[in-house]
Amino acid sequence: MRKLILLFMLSCGVLSMQAQRSLRKQVEEGIEESIRLTQEREWREAFATCRALDCAIGKGNPDLHYLVAKERFRMYSRINKPNDARSQMEKMEDYARQSGKSDVIEDMLIAKGAYCAKIGNASLAQKCYREVFNRRAKGKDDAGIDKCFQSMVAE
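As the structure is a prediction and not an experimental result, all values here were calculated from the model.

Here is what the cut-offs are and how they apply
Residues numbered from 1 in each chain as written. Predicted model: local features only at pLDDT ≥ 70, side-chain atom pairs only at ≥ 80, totals over all residues. Heavy atoms only, no water. Axes fitted to C-alpha atoms, helices over the stretch in contact; angles between N-to-C directions. Helix = DSSP H or I, 4+ residues; strand = E, 2+ residues; numbered from the N terminus. Parallel < 35°, antiparallel > 145°, perpendicular 65-115°, else oblique. Left-handed = near helix turned anticlockwise from the far one by under 90°. Contact = heavy atoms within 4.5 Å. Nonpolar A, V, L, I, M, F, W, Y, C, P; charged D, E, K, R; others polar. Salt bridge = Lys/Arg side-chain N within 4 Å of Asp/Glu carboxyl O. Buried < 20%, exposed > 50% of the residue type's maximum accessible area, 1.4 Å probe, protein only. Core = buried A, V, L, I, M, F, W, Y, C linked by side-chain atoms within 4.5 Å. Polar contact = N/O pair within 3.5 Å; in protein donor to acceptor, adjacent residues only side chain to side chain.

Relative orientation of the contacting elements helix 5 (residues 102-119) and helix 6 (residues 122-137) amounts to 155 degrees, with a least axis distance of 7 Å. With respect to helix 6, the element helix 5 is oriented roughly antiparallel. Handedness of the crossing formed by helix 5 with helix 6: left-handed. Here helix 5 contributes Ser-102, Ile-105, Glu-106, Leu-109, Ile-110, Lys-112, Gly-113, Ala-114, Cys-116 and Ala-117 to the contact with helix 6, which in turn contributes Ala-122, Leu-124, Ala-125, Cys-128, Tyr-129, Glu-131, Val-132, Arg-135 and Arg-136. In the contact of helix 5 with helix 6, the residues fall into 12 nonpolar, two polar and five charged.

Written out as structure tokens, the structure reads:
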């Protein structure tokens, strides 16, 4: 009986992982579709695609919601709607921090830094880049810190 229960739990875990991968793939394909739609200037359809992706994701999965918010941010920036872009940037930050994933947080900080530099807020841009640097340099010796600095300058 224990083996049966253990086998059942294991198969549920495998199915859950496959569903998660499938959802990520669906979100990535949806974002690609949104990008294609904006290139064709079909803005309503692109925003509808993002709404559908948010519904498909449902609750949880902040890293997937982050990807959708980033796409919306890109679209609002492109059509020159700074208030909406700023709102999406705030959502991106919330989702990135909720995810707790270092790569997602770094991606958000770099996007936020670039956006702040674009709108002329150099001090906030510098703060974002400094946080990225501190994350990358954490626990490294002087040579490692110098290498982190050089790679960030190259980026």
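Having put the structure on the table, let's press on.
A complete count under the given rule lists 12 salt bridges for this structure. Where Arg-24 meets Glu-28, a salt bridge forms, and the shortest distance between an N and an O atom there is 3.7 Å. Residue Arg-24 and its partner Glu-28 are both found in helix 1 (residues 2-39); the two are separated by four residues, about one turn of the helix. With a relative accessible area of 37%, Glu-28 lands in the partly exposed category. For Glu-40, the salt bridge goes to Arg-36, with nearest N and O atoms at 2.9 Å. For Glu-40, a relative accessible area of 41% gives the class partly exposed. Salt bridges linked by common partners bring Glu-93, Arg-97, Lys-112, Glu-131 and Arg-135 together as one network.

Let us look at the environment of Ile-31. Here Ile-31 is to be found in helix 1. The contacts of Ile-31, once residues within four sequence positions are left out, are Leu-53, Leu-67, Val-68 and Glu-71.

By size, the foremost hydrophobic cluster in this structure holds 28 residues, and its most contacted members are Val-27, Met-92 and Met-108. For this core, the elements supplying multiple residues, two or more each, are helix 1, helix 2 (43-57), helix 3 (62-78), helix 4 (82-99), helix 5 and helix 6. Ranked by residues supplied to this core, first place goes to helix 3 with seven residues. Excluding residues within four positions of it along the chain, Met-92 makes contact with Tyr-66, Ala-69, Lys-70, Phe-73, Met-108 and Ala-111.

Here the focus is the side chain of Arg-72. Along the chain, Arg-72 turns up in helix 3. Accessibility expressed as a relative area gives 12% for Arg-72, which makes it buried. Apart from the residues lying within four places of it in its own chain, the contact partners of Arg-72 are Cys-50, Arg-51, Asp-54 and Gln-88.

Position of Thr-49 among the secondary structure elements: in helix 2. Judged by its relative accessible area of 16%, Thr-49 falls in the buried class. Here Glu-45 takes part through its backbone oxygen, which lies 2.8 Å from a polar atom of the side chain of Thr-49. Filtering out sequence-adjacent residues up to four positions away, Thr-49 remains in contact with Gly-30, Glu-33, Ser-34 and Leu-37.

Just distances and angles here, no functional claims.
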